[in-house]
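Breakdown of the fold
So you can see what is in the structure, the chains are spelled out below.
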Amino acid sequence: MAERAPPLIVGAGPAGIRAAMTLVAAGLRPIVVDEGHACGGQIYRQPLSSDGRDAEARYGSEAAKALRLHRDFAALDTLIDYRPRSLLWNLRDGAGDILRDEGSQRVRYDGLILATGATDRVLPIPGWTLPGVFTLGGAQIALKAQGCAIGRRVVFAGSGPLLYLVAWQYMRAGVEVAAVLDAAPLSAKFNLLRALPLSPGIVLRGVRMAAELKLRGTRVVFGADRLAIEGEGRVARIVYQAGGRAHAIACDGVGYGLNLRSETQAADLAGCAFHFEPRDRAHLPVRDASGRSSAAGVYLAGDGARIAGADAAERAGERAALALLEDRGLPHDSSRAAVLERELQRIDRLRDVLEAAFPYPSHWGGDIADDTLLCRCEEISAGEARRAVSDFSLTEINRLKAVTRIGMGRCQGRMCGAAAAELLAAQTRRDIGAVGRLRAQAPIKPIPLAAGLSVHERQHDPAH
Amino acid sequence: MTRRIDCDVAIIGGGLVGSSAALALRGMGFSVTLLDKGFCGAQASGVNYGGVRRQGRPPEQLPLSQRAHAIWPRLKALIGIDGEFLRSGHLKLARSAADMASLESYAADVAPFGLALELVGHNQLRDRFGVAGEVIGGSFCPGDGHANPRLVATAFAAAARRAGAEVLENTKVIGLTRNGAGFALEAEGVSVTARTVINSAGAWADSFARAFGEPVPLERTYPSMVVTEPLDPFLGVNIGIEGGGIYARQVTRGNVVVGGERALPLDDPDYSRPRSDGVLTIMQRASELFGPLRHAQAIRFWSGTEATMPDRNPVIGPSATTPGLIHAFGFSGAGFQIAPGVGEVLAELVRDGRTATPIDVFAITRFPPASQPGDASQAAMTTGSKETSP
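Residues numbered from 1 in each chain as written. Chains lettered and ligands numbered in written order. Predicted model: local features only at pLDDT ≥ 70, side-chain atom pairs only at ≥ 80, totals over all residues. Heavy atoms only, no water.

Attention shifts here to the overall build of chain B. Along the backbone of chain B there are ten helices and 23 strands. Relative to the globule expectation of 21 Å for 390 residues, the C-alpha radius of gyration of chain B, 21 Å, shows essentially globular dimensions. Over its C-alpha atoms, taken along the principal directions, chain B stretches across nearly 65 × 45 × 45 Å. Taken over 390 residues, chain B has a buried fraction of 59%. In chain B, the share of contacts with a sequence separation of at least 24, taken over all contacts with a separation of at least 6, comes to 73%. (Helix = DSSP H or I, 4+ residues; strand = E, 2+ residues; numbered from the N terminus. Rg over C-alpha atoms; globule rule 2.2 N^0.38 Å. Buried < 20%, exposed > 50% of the residue type's maximum accessible area, 1.4 Å probe, protein only. Contact = heavy atoms within 4.5 Å.)

What follows concerns the packing of helix 14 (residues 397–404) of chain A against helix 7 (residues 149–162) of chain B. Viewed as axis vectors pointing N to C, helix 14 of chain A and helix 7 of chain B meet at an angle of 110°, and their least axial separation amounts to 7 Å. In terms of orientation, helix 14 of chain A and helix 7 of chain B fall into the roughly perpendicular class. Residues Arg399(A), Lys401(A), Ala402(A) and Val403(A) of helix 14 of chain A lie in contact with helix 7 of chain B, whose contacting residues are Arg150(B), Leu151(B) and Thr154(B). Here the residues of the contact of helix 14 of chain A with helix 7 of chain B sort into three nonpolar, one polar and three charged. (Axes fitted to C-alpha atoms, helices over the stretch in contact; angles between N-to-C directions. Parallel < 35°, antiparallel > 145°, perpendicular 65-115°, else oblique. Nonpolar A, V, L, I, M, F, W, Y, C, P; charged D, E, K, R; others polar.)

Here we come to the packing of helix 1 (residues 14–25) of chain A against helix 3 (residues 63–74) of chain A. The relative placement of two packed helices is expressed as an angle between their axes plus a distance between the axes. Residues and elements named next belong to chain A. Taken N-terminus to C-terminus, the directions of helix 1 and helix 3 make an angle of 40°; their axes are 10 Å apart at the nearest point. In terms of orientation, helix 1 and helix 3 fall into the oblique class. Between helix 1 and helix 3 the crossing geometry is left-handed. Contacts from Pro 14, Ile 17, Arg 18, Ala 20 and Met 21 of helix 1 reach helix 3 at Arg 68, Leu 69, Asp 72 and Phe 73. Residue classes in the contact of helix 1 with helix 3 are distributed as six nonpolar, no polar and three charged. (Left-handed = near helix turned anticlockwise from the far one by under 90°.)

Residues and elements named next belong to chain A. On the basis of which strands lie adjacent, the open sheet formed by three strands has the order 13-14-15 and antiparallel pairing. In this open sheet, the two edge strands, each paired with only one partner strand, are strand 13 (225–230) and strand 15 (245–250). Strand-to-strand twist of the sheet, defined as the mean angle between neighbouring strand axes without regard to direction, takes the value 20°. (Pairing = 2+ DSSP bridges.)

This brings us to the sheet that holds strand 6 (residues 103–108) of chain A. Read across the open sheet, the three strands follow the order 4-5-6 (chain A); overall the sheet is antiparallel. Each edge of the open sheet carries a strand with a single partner, namely strand 4 (87–92) and strand 6 of chain A. Between one strand axis and the next, the sheet turns through 25° on average, direction left out of account. Where strand 5 (residues 95–100) of chain A and strand 6 of chain A come together, six bridges link them in antiparallel fashion. Looking across to strand 6 of chain A, one finds that Gly96(A) is bridged to Val107(A). With respect to the sheet, helix 9 (residues 276–289) of chain B is in contact with strand 4, strand 5 and strand 6 of chain A, its orientation differing from that of strand 4 of chain A by roughly 130°.

Tallied over the full model, the rule gives 54 salt bridges over all chains. Across the salt bridge formed by Glu422(A) and Arg281(A), the nearest N and O atoms sit 2.8 Å from each other. Of this pair, Glu422(A) sits in helix 15 (residues 417–428) while Arg281(A) sits in the loop between strand 18 (274–277) and strand 19 (282–285), and the two are 141 residues apart along the sequence. We note a salt bridge from Arg54(B) to Asp144(B), for which the minimum N-O separation is 2.7 Å. Highlighted residues: Arg54(B) in the loop between strand 3 (51–52) and helix 3 (62–71) and Asp144(B) in the loop between strand 6 (137–141) and strand 7 (145–146), separated in sequence by 90 residues. As far as the burial class goes, Arg54(B) and Asp144(B) line up, both buried. One continuous salt-bridge network, built from bridges that share partners, spans Glu277(A), Arg279(A), Asp280(A), Arg306(A), Asp348(A) and Asp352(A). (Salt bridge = Lys/Arg side-chain N within 4 Å of Asp/Glu carboxyl O.)

Our focus in this paragraph is the interface of chain B and chain A. Facing 44 residues of chain B, the contacting portion of chain A comprises 39 residues. On inspection of chain B and its partner chain A, the count reaches four salt bridges. The partner of Glu379(A) in a salt bridge is Arg253(B), and the shortest N-O contact between them spans 3.0 Å. If you look at where chain B meets chain A, you find 20 residue pairs in polar contact (both at pLDDT 80 or more). Where the side of chain B that touches chain A is concerned, the elements lending two or more residues are helix 7, strand 17 (264–265), helix 9 and strand 19 (297–303) of chain B. When residues in the side of chain B that touches chain A are grouped by element, the largest group, eleven residues, is from helix 9 of chain B. Its residues assigned to classes, the side of chain B that touches chain A comprises 20 nonpolar, ten polar and 14 charged. Looking at chain direction, strand 23 (residues 447–448) of chain A and strand 19 of chain B are connected through two bridges and run antiparallel. Note on strand 19 of chain B: the bridge partner recorded for Ile447(A) is Ala298(B). (Polar contact = N/O pair within 3.5 Å; in protein donor to acceptor, adjacent residues only side chain to side chain.)

The next thing to look at is unusual backbone geometry. All names here are of chain A. Note that the residue after Ala 442, namely Pro 443, is joined by a cis bond; omega there is -5°. Here Ser 393, not a glycine, exhibits a phi torsion of approximately 50°, which is positive. Residue position: Ser 393 is located in the loop between helix 13 (382–391) and helix 14. Residue Ser 393 is classed as partly exposed on the basis of its relative accessible area, which comes to 43%.

Turning to the UniProt feature "domain: FAD dependent oxidoreductase" (unreviewed entry) in chain B, a few remarks are in order. According to UniProt, the "domain: FAD dependent oxidoreductase" (unreviewed entry) feature falls on residues 8–349 of chain B. Taken as a whole, residues 8–349 of chain B contains 29% helix and 29% strand, while its terminal C-alpha atoms sit 13 Å from one another. (UniProt positions renumbered as here; feature names shortened; annotations may be inferred.)

All names here are of chain A. Taken as a whole, chain A is organised into domain 1 (8–118 + 261–354), domain 2 (122–258) and domain 3 (364–430). Just the C-alpha atoms count here: the centres of domain 2 and domain 3 sit 26 Å apart. Residue-level contacts link 14 residues of domain 2 with eleven residues of domain 3. For the pair domain 2 and domain 3, the summed buried surface comes to about 1,000 Å²; carbon and sulfur atoms form 71% of the total. Three residues, Leu 123, Pro 124 and Trp 128, lead the burial of domain 2 against domain 3; their summed loss comes to 49% of the area buried on that side. (Domains from an automatic or database assignment. Buried area = accessible area lost by both parts, 1.4 Å probe.)

Glancing now at the domain arrangement of chain B. Residues and elements named next belong to chain B. Taken as a whole, chain B is organised into domain 1 (3–47 + 150–217 + 311–381) and domain 2 (85–143 + 220–308). When each unit is reduced to the centre of its C-alpha atoms, the spacing between domain 1 and domain 2 is 30 Å. Taken residue by residue, the interface counts 13 residues in domain 1 and ten residues in domain 2. Carbon and sulfur atoms make up 48% of the area that domain 1 and domain 2 hide from each other, which totals about 1,000 Å². On the domain 1 side of the interface with domain 2, the three residues burying the most area are Val 47, Ala 203 and Trp 204, jointly 45% of the side's total. Linking domain 1 with domain 2 are one salt bridge, by the criterion used here. Across the pair Asp 270 and Lys 37 runs a salt bridge, and its minimum N-O distance is 3.8 Å. Seen at the junction of domain 1 and domain 2, the total is four residue pairs in polar contact (both at pLDDT 80 or more). Broken down by class, the residue content of the side of domain 1 that touches domain 2 amounts to six nonpolar, five polar and two charged.

All names here are of chain A. With twelve residues, helix 3 extends 16 Å from end C-alpha to end C-alpha; this agrees with the ideal 16 Å at 1.5 Å per step. Listed as buried for helix 3 are Ala 63, Ala 66, Leu 69, His 70, Asp 72 and Phe 73. Residues of helix 3 that are buried in the fold lie against helix 1, strand 2 (31–33), helix 2 (55–59), strand 3 (81–83) and helix 10 (310–327). (Expected span 1.5 Å × (residues − 1).)

The biggest cluster of nonpolar side chains holds 101 residues, and the ones touching the most others in it are Leu181(A), Tyr256(A) and Leu346(B). In terms of residue count, the dominant contributor to this core is helix 7 of chain B (nine residues). If sequence neighbours within four positions are ignored, Leu181(A) has contacts with Val155(A), Phe156(A), Ala157(A), Gly158(A), Leu163(A), Val221(A), Ala224(A), Leu227(A), Ile238(A), Tyr240(A) and Ile249(A). Formed by 58 residues, the second largest nonpolar core is a distinct cluster that contains Ile31(A), Ala248(B), Ala286(B) and Phe301(B). (Core = buried A, V, L, I, M, F, W, Y, C linked by side-chain atoms within 4.5 Å.)

What follows covers the packing of aromatic side chains. Following the criterion strictly, the structure yields eleven aromatic pairs over all chains and no others. Between Tyr49(B) and Tyr247(B), the ring centres sit 4.6 Å apart and the planes meet at 80°, which makes this aromatic pair edge-to-face. With Tyr49(B) in the loop between helix 2 (44–47) and strand 3 and Tyr247(B) in strand 15 (residues 246–250), the pair connects residues that are 198 residues apart, well separated along the chain. A relative accessible area of 9% means that Tyr49(B) is categorised as buried. Looking at Tyr247(B), the relative accessible area reads 25%, which means it is partly exposed. Here Phe183(B) and Phe212(B) contribute two aromatic rings whose centre-to-centre distance is 6.2 Å and whose plane-to-plane angle is 80°, an arrangement assigned as edge-to-face. Pair noted here: Phe183(B) is in strand 10 (residues 183–187) and Phe212(B) is in the loop between helix 8 (205–211) and strand 12 (219–221), with a separation of 29 residues, a long-range link. Assigned by exposure class, Phe183(B) and Phe212(B) land together as buried. An aromatic cluster of at least three residues, connected via ring pairs, comprises Trp72(B), Phe85(B) and Phe336(B). The aromatic ring of Phe358(A) is capped on one face by Lys189(A), whose charged end is 4.4 Å from the ring centroid. The ring of Trp204(B) has Lys37(B) sitting right over it, with the charged end atom 4.4 Å from the ring centre. (Phe/Tyr/Trp six-rings, centres within 6.5 Å; stacked < 30°, edge-to-face > 60°. Lys NZ or Arg CZ within 6 Å of the ring centre and 35° of its normal.)

Written out as structure tokens, the structure reads:
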């Protein structure tokens, strides 16, 4: 009997690391591909080179978790086939195409755990493409991985727990944080009281961060609306409305984002069914409590399946790996699986509360000014999108893409897709779930044409 | 609640052929209902490479192709957008002496049609067109070009709608009945009666033809395209290669579209996806042929579903079994350029029962008739899975 191919884990963040550990403990030797240069994912990202700071300075309250994950993954070194700096760009029929060092390799697998993580969700605002504007996650990575700040006097704006966390981390790093502009009204924050019994630590930590920011002179604004970033050639100020009045704050860097969005392209290419999830305002791959997707042998874990944070990702990675073991007919700890599922449910309830405390400003999608750039790769304005919607009587997001090029550029809609859907839904007065989702296409991210040269030097197939 | 529509002409399939026919028929004053099972222009018409090319076609297609040639520069007036149509010229490359001889012989064969083909040698390829790699010569057709299929097909359907055609998207025809006066079409939520039916259902057209006793050897093929990030302009012409390989064009924005190879159908053969080794092969050939592509990134692949006939010619013309039924499908991966001309021809067939453009060679009767004709009074439409060549 032919030997079964190894499982493939995509992503080496908290979900991928725990999944790998679980499979190794059961005697398997998974392949782990990761775009990062070292394990940790976005949340526990490691520096490219030492910048003299210790883990406490880099990860703050999460330093212990980060170190434990890095250490645990390092211990797997000889027990897994780890491929860092590797881009999975296509998936089909039990094989993945992986680009590494300019060459593409086809890797067969038996069992696929997708731990692909998340990126910031943004809605375009005037000036969002000015130099000096970063996403919240991008601002955090600059600090974490490179040890640099996005400006000397910085404003953070948007929504989501990351808003306060990044602002606080910048403050701790010695950067002047001029303001935190929270899109949600103060009233939304009372939802946090409901989170207290679920996770007092997280709620109190958030409240403490906001308090410390205020003590250091940071302006914290609730219900900030009509954001616009201004400047000649780079960020000079951010303007907004709050309490019925217009305000402006001088700054040279802006971190901006509205919660996170799951990276679902690999799941799409792997054939997973999707459903609309109202809480996340997103189409997400269907999965059950174990992490099993609708496609046989494909498992989903972490923020790539649904935004739930790093602690949930660790548990979901382990749980998905247990499901893979069970489906392979290997011994697996079912009582551990039950514990993990209970913990994941608890975190999900907490997540419901956090989403209510940091609601997505859904009205922004309809408010995007016509002259604001909607798709920055293809340079399509909101006005052009609106004209196409009315000229062609469009109601579906892939048709909007076909007619306007929105989502066809380098980012493949990963940055502009959510905003385009919001705009389309607002203009056609349809529910955001009803305008559809951009179907994922390979390559998941850009790949060099020269990748074709290198692969064919190695394995020329005369049949083609 | 089923909606009822009574019209002169019902068109099944809102691709470029069906949509341009709808627009032309509206221009003649006919009432038209255009039905598409998905979105108009979302299949082969919208996902092909975008070559607007006469060169390389079999001579029997050239009268129709020349008719379409006159339409392309008028798109703006016709459908409201220019469809990014560029009269860039089409350069067909030869990699061997035999291929060059084949280009020379083609040029001689089609001389009467006035394509103004110009044979060019190796040095000119580099100096005039920036082509490197292993090519020895080529044939240049200055009047050909390229356009954006995503826009053109969709805009024809939108123009037909503005002109008064009833355009029903996401409306799959599930029953087609011939009755005394004409036809009755059944689709989800709508019943249509029409004197004339045009079968322009592309890769789904064979089921309609078969249902009226006219089986056709239609095969599905799936083209495969690679798109680069925007690059500085370096490729002024639409490129093809004698004998196949790749084809390439650079759009005004700077992206280079390179096609070649074949994609593979998914489990649902209505859909397909480029093969990884196929796109890598395309990328390899493109970067060997054009220096600027060696450091470029591919940002997007695409595929689609096309209908191909064994003799590479379409089926265009009246049904041989059923009065009032007109076929137009099977463009074999080369329908984009001629489709606007086909639309006009179809409209003439409806109005006059004949057209001045020679189309006899595209008659459906060139295929063996059904030994057991289908029940032409009641056709149930099914789209089964098919074996396709890779």
